[in-house]
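Here's the letter readout for the chains.
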Amino acid sequence: QVQLMESGGGLVQPGGSLRHTCAASGTIFSINAMGWYRQAPGKQRDLVAAITSGGTTNSADSVKGRFTISRDNAKNTVYLQMNSLKPEDTAVYYCYANVRRLGIPVTENSWGQGTQVIVSS
């Protein structure tokens, strides 16, 4: 089993900042990509940002220049620094990790429980 424990999120005014943390634990052999998706009410879940074990990043155009993803491979932890937040960033943010478990020859996606971000004045 693999667990992803998220922290961060909350209520912030437009222009403010928040930091998400997501730590993976369990029977992990290796982790490929880690990152976040988000889902606003009535909308599909979309990729926010992702980072490979080698440090290559990918992010949605809507967050480029405002959100920064980073990772500590030794701690199996990924971080999302969100700056210059806008009301349209309001959503539930879900951490994910593409994990190869001990003794399992394939990778699978594990998901966090989701954390709410509300950007409002």
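Source: prediction; values computed, not measured.

About the thresholds
- Residues numbered from 1 in each chain as written.
- Predicted model: local features only at pLDDT ≥ 70, side-chain atom pairs only at ≥ 80, totals over all residues.
- Heavy atoms only, no water.
- Pairing = 2+ DSSP bridges.
- Helix = DSSP H or I, 4+ residues; strand = E, 2+ residues; numbered from the N terminus.
- Axes fitted to C-alpha atoms, helices over the stretch in contact; angles between N-to-C directions.
- Disulfide = S-S within 2.5 Å.
- Buried < 20%, exposed > 50% of the residue type's maximum accessible area, 1.4 Å probe, protein only.
- Salt bridge = Lys/Arg side-chain N within 4 Å of Asp/Glu carboxyl O.

## Quick notes on the sheet that holds strand β8 (residues 77–82)
Stage number 1. If you walk across this open sheet you meet the four strands as β1-β3-β8-β7, and the pairing is antiparallel. Among the strands making up the open sheet, the edge pair consists of β1 (2–7) and β7 (67–72). Ignoring strand direction, the axes of neighbouring strands in this sheet form an average angle of 15 degrees.
Stage number 2. For strand β3 (residues 18–26) and β8, the ladder comprises six bridges, and the chain directions are antiparallel. For A23, the partnering residue across the bridge sits in β8 and is T77.

## A closer look at the state of the cysteines
Stage number 1. Applying the stated criterion to the full structure yields one disulfide.
Stage number 2. Paired through a disulfide, C22 and C95 show a sulfur-sulfur distance of 1.9 Å. In this structure, the disulfide formed by C22 and C95 twists by about -85 degrees around the S-S bond and is classed as left-handed. Of this pair, C22 sits in strand β3 while C95 sits in strand β9 (residues 91–101), placing them 73 residues apart in sequence. Each member of the pair, C22 as well as C95, is classed as buried.

## Digging into the pattern of salt bridges
A side chain of one charge can pair with a side chain of the opposite charge if their charged atoms are brought near each other.
Stage number 1. As enumerated under the stated definition, the model contains four salt bridges in all.
Stage number 2. The partner of D89 in a salt bridge is R66, with the nearest N and O atoms 2.7 Å apart. Of this pair, D89 sits in the loop between β8 and β9 while R66 sits in the loop between β6 (57–59) and β7, and the two are 23 residues apart along the sequence. As far as burial versus exposure is concerned, D89 and R66 are alike and both buried.
Stage number 3. When salt bridges with common partners are traced through the structure, they connect R38, R66 and D89 into a single cluster.

## Things to note about the pairing of β8
Looking along a regular strand, one sees side chains alternate from face to face of the sheet.
Stage number 1. Within β8, five of the six residues are buried, which leaves it mostly tucked inside the rest of the structure.
Stage number 2. Taken together, the six bridges between β7 and β8 define a ladder with antiparallel strand orientation. Residue pairing in the sheet places S70 in a bridge with Y79 of β8.

Function-wise, these values are silent; they only describe arrangement.
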